[in-house]
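Observations on the model geometry
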Amino acid sequence: MTTPSHFPGKLPGQQNQKQRPAKQVITGAEAVILSLIEAGVDTIFGYPGGAIMPVYDALYDYHDKINHVLVRHEQGASHAAQGYARVNKKTGVCLVTSGPGATNLVTGIADALIDSTPMVCISGQVPRHLLGSDAFQETDIIGITMPITKWSYQITEPEEIPWAIARAFYIANSGRPGPVMLDITKNAELGTLEYEYQPCTHIRSYIPVPETDPHALQQAAELINQAKKPYLLVGHGVLISEAQQQLRAFIEKTGIPFGWTIMGLSAMPNNHPLNTGMLGMHGNYGPNIKTNECDVLIAVGMRFDDRVTGNTDFYAKQAKIIHIEIDKAEIDKNIKVDVPLLGDAKAVLQKLLPLVEEKSYPEWLQEFRECERIEYEKIIHHDIHPSSEGLHMGEVIHLISEKTEGKAIIVPDVGQHQMAACRYYKFADTDGMVTSGGLGTMGFALPAAIGAKIAQPQREVIAIIGDGCFQMTIQELGVIAQDKLPVKMVILNNNFLGMVRQWQQLFFDKRYSFTELVNPDFVAITQGYGIPAKRVSTRDKLSDSIEEMLKSEGPFLLEVVVEKEANVFPMVPSGAAISDIRLE
């Protein structure tokens, strides 16, 4: 029997020099459950199997303390855990078996890493003596997940379990959050240990929140105070650090206009007078154009993703750039910045606030309003009040936004419907957007909406899904049916993989190569699960159908047939500068 050199436990037979009270002797499987309870876990998303069966057997005795959600596919567990974590500020937890059970989590783990979502994934594994033998359902999940986790660790002895779980939760939800993978061999689950749980609060050489340089704060304040056309970018880090109040105080004192990334949506109400809209490839006209005209650019908790910057050779070359970021690896990674402000966004904004002057920029703000006028006349008016007979995605989202007063949690999948949801839902409450931003995972929305609803049962949760995306995780309707979750689902059905088709139309001479879909009867399938569902294809029935969905006490699916070849504009073509944004 061996113990890793970095594991601070004792080998069997080692005696304490000082007599201590006897500890409870339990199985490793029970230690997993007790450690999760100690870590504050109240919900697990999982799917049982042979290698994790001892843990599931132990869970049977603790069902009153931990709610287990039986997904229909392990990928659904990972996305549900993400949705739960994103709106609840807690670490999502997945529990699966070895081999395919573990590998089915990989997409969700990668998604959680790039979108900085805290998640602890626990998989069973073959017994230690069979490792490397290609035993039934053995896969090197640690080797697979090391590049897409903050920490991946294999537990081979029961004594390691409390230590590893405590460490996993500390790593997952400290600093820049992210996923952790724990793989537990079956012998560790079946073996016994003297159980003791100690929360992890420190790991040598791991500094989750760096100290902010006071000199850099002074430099940033001087740039901001001297600026003539400053602009602020709101990223996901504002929501992660719960810095909404600090951000609001900062922008209202400085008078700086702001825009947001997709992941930064709902950090501030859409109706804030300094809001200028969304950045990026399908963002608003003003934020993209004016980024390349501002003289000081302040990025808060965002990583200058290529969908935001476009061609980096032409991105904000005229501006002095201030970057507030918790992860040192993101500084100068994509965009060279003038003043890096390392630290938690909430703490940095608090320190910066007394150093900046009260100002306003009415003429600069008016330039954004002129861009809004142009975009409204050319695009927005036609999207939300179309003259064509066919329904548009924009008008559907606009109606949902009005009828929910911007207070719902919106969970879009990935594609044209995602961009429509981001553009036309007007958020009044914070933590209202849950989507796959960095990885762009089709099939994300349905299970993520399940997790979000479990985390925030008092809020309306609406999944906005494309017909292609829906079929990737359609089986999770079983969870909604079994647990009677009042999740609302809207399928925007254009019988195409819409975003890919748009690119094929614009850049590949309308050569629609394998993007048209022959879809099943979504209403019949949903009703087969015992869930009410309705299909609408005409404008005269749209408003009443949305009302019917929202008034439904339980789950409800509304399929809306939209125009097959409608496009999402504005659009920054791939490889272009953001200021080359197309309005048509």
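Residue numbering note: each chain is counted from 1, following its sequence as written. In keeping with the predicted nature of the model, local features appear solely for residues at pLDDT of at least 70, side-chain atom pairs appear and are counted solely at 80 or more, and the whole-chain, interface and lining totals rest on all residues. Only hydrogens and water are removed before side-chain values are computed, so all heavy atoms of the structure are retained for them.

Thoughts on the overall build of the chain
Cut-off, in case you're wondering: Secondary structure is summarised from DSSP: a helix means a run of H or I of at least four residues, a strand means a run of E of at least two, and numbering begins at the N terminus for each. A 1.4 Å probe rolled over the protein chains alone gives each residue an accessible area, and that area as a share of the maximum for its type sets the label: buried under 20%, exposed over 50%, partly exposed in between. Any two residues whose heavy atoms approach within 4.5 Å are treated as being in contact. To measure how exposed things are, a 1.4 Å probe is used in the Shrake-Rupley method; for residues, cover is taken only from the protein chains shown. Just so you know, the count uses Lys and Arg for positive and Asp and Glu for negative, and it drops His and the chain ends. Note on charges: their place is set at NZ of Lys, CZ of Arg, CG of Asp or CD of Glu.
Each helix and strand counted, the chain has 23 helices and 19 strands in total. Considered along the principal axes of its C-alpha atoms, the chain spans approximately 75 × 65 × 40 Å. Split into buried and exposed, the 584 residues of the chain put 59% on the buried side. For the chain, the share of sequence-separated contacts (at least 6 apart) that also reach a separation of at least 24 residues comes to 76%. Entry remark: accessible area of the chain is about 23900 Å², with carbon and sulfur atoms responsible for 50%. Of note, the chain has its 51 positive side-chain charges centred 3 Å away from the centre of its 68 negative side-chain charges.

Overview of unusual backbone geometry
In this structure, Pro570 follows Phe569 across a cis peptide bond, with omega equal to 0°. The topology assignment puts Pro570 in the segment after strand 19 (556-561). In this structure, Lys89 is a non-glycine residue whose phi angle is positive, near 60°. Locating Lys89 in the fold gives a position in the loop between helix 3 (74-88) and strand 4 (92-96). According to the relative accessible area criterion, Lys89 is partly exposed, its value standing at 26%. Here Lys484, not a glycine, exhibits a phi torsion of approximately 55°, which is positive. One can find Lys484 in the loop between helix 20 (477-483) and strand 17 (488-493). In this structure Lys484 comes out as exposed when scored by relative accessible area, which is 67%.

With respect to the pattern of salt bridges
Put simply, the test is: Criterion for a salt bridge: a side-chain nitrogen of Lys or Arg within 4 Å of a carboxyl oxygen of Asp or Glu.
In total, this model carries 25 salt bridges according to the counting rule given. When the shortest N-O distance is used, the salt bridge between Lys229 and Glu367 registers 3.2 Å. With Lys229 in the loop between helix 9 (214-226) and strand 9 (230-234) and Glu367 in helix 15 (residues 362-384), the pair connects residues that are 138 residues apart, well separated along the chain. A relative accessible area of 28% means that Lys229 is categorised as partly exposed. By relative accessible area, Glu367 is classed as partly exposed at 25%. Among the ionic pairs, Arg535 bridges to Glu559, the shortest N-O distance being 3.4 Å. Pair noted here: Arg535 is in strand 18 (residues 533-536) and Glu559 is in strand 19, with a separation of 24 residues, a long-range link. Glu559 sits in the buried class, given a relative accessible area of 3%. Within the structure, one salt-bridge network assembled from shared partners comprises Arg176, Asp327, Glu330 and Lys333.

Structural notes on the sheet that holds strand 3 (residues 67-70)
Filter applied, for reference: Here the rule is simple: two strands pair whenever DSSP picks up at least two bridges between them. Only C-alpha atoms enter the line fits that serve as axes; for helices the fit covers just the stretch in contact. Angles between N-to-C directions range over 0 to 180 degrees.
Reading across from one edge, 3-2-4-5-7-6 is the order of the six strands in this open sheet, with parallel pairing throughout. Each end of this open sheet is capped by a strand with a single partner; those strands are strand 3 and strand 6 (151-155). Across the sheet, the mean angle from the axis of one strand to that of its neighbour is 20°, orientation sign disregarded. Relative to strand 5 (residues 119-125), strand 4 is paired through five bridges, and the arrangement is parallel. Across the sheet, Cys94 pairs through a bridge with Cys121, a residue of strand 5.

Quick word on the sheet that holds strand 15 (residues 409-412)
The five strands lie next to each other as 15-16-17-19-18, forming an open sheet whose pairing is parallel. Sheet topology places strand 15 and strand 18 at the edges, where each strand pairs with a single neighbour. This sheet shows a mean twist of 20° between the axes of neighbouring strands, independent of strand direction. As paired strands, strand 16 (residues 461-466) and strand 17 are joined by five bridges and run parallel to one another. Looking across to strand 17, one finds that Ile464 is bridged to Val490. Against the sheet, helix 18 (residues 445-455) touches strand 15, strand 16 and strand 17, its axis set at about 175° to strand 16.

Some details on the domain arrangement of the chain
What counts is decided by this rule: Domain start and stop points were drawn from an automatic or database domain assignment. The term buried area denotes the loss of accessible surface (1.4 Å probe radius) that occurs when two parts are joined, taken as the sum for both partners. We call two N or O atoms a polar contact when they sit within 3.5 Å, provided that within protein one can donate a hydrogen and the other can accept it, with sequence-adjacent residues counted only if both atoms are side-chain atoms.
Domain boundaries assigned for the chain yield domain 1 (25-194), domain 2 (214-367) and domain 3 (389-561). Taken together, the contact pairs 15 residues of domain 2 with 18 residues of domain 3. Summing both partners gives a buried area of about 1300 Å² for domain 2 against domain 3, and 60% of it is carried by carbon and sulfur. Across the contact surface, domain 2 and domain 3 share zero salt bridges. Counting across the domain 2 and domain 3 interface gives seven residue pairs in polar contact (both at pLDDT 80 or more).

Examining the packing of aromatic side chains
Aromatic ring pairs are defined here through the distance separating the ring centres and the angle between the ring planes. Under the convention used in this document: Any two rings among Phe, Tyr and Trp, with Trp reduced to its six-membered ring, count as a pair given centres within 6.5 Å; such a pair is stacked if its planes are under 30 degrees apart, edge-to-face if over 60, and tilted if neither. By definition here, charges over rings are those cases where NZ of Lys or CZ of Arg is within 6 Å of the ring centre and within 35 degrees of the ring normal.
Applying the stated rule across the entire model yields 13 aromatic pairs. Between Phe45 and Tyr84, the aromatic rings sit 5.9 Å apart at their centres with planes inclined by 65°, giving edge-to-face as the arrangement. Of this pair, Phe45 sits in strand 2 (residues 43-46) while Tyr84 is found in helix 3, placing the two residues 39 residues apart along the sequence. Among the residues examined, Tyr84 registers a relative accessible area of 3% and is labelled buried. Considering the side-chain rings of Phe258 and Trp260, the 5.8 Å spacing of their centres and the 70° angle between planes classify their relative orientation as edge-to-face. The pair formed by Phe258 and Trp260 is uniform in burial state, with each residue classed as buried. Grouping aromatic residues by their ring pairs yields a cluster made of Trp151, Tyr153 and Trp163. Positioned above the aromatic ring of Trp151 is the side chain of Arg167, whose terminal nitrogen or guanidinium carbon lies 4.9 Å from the ring centre. When the ring centre of Phe496 is taken as reference, the NZ or CZ atom of Arg501 above it lies at 5.8 Å.

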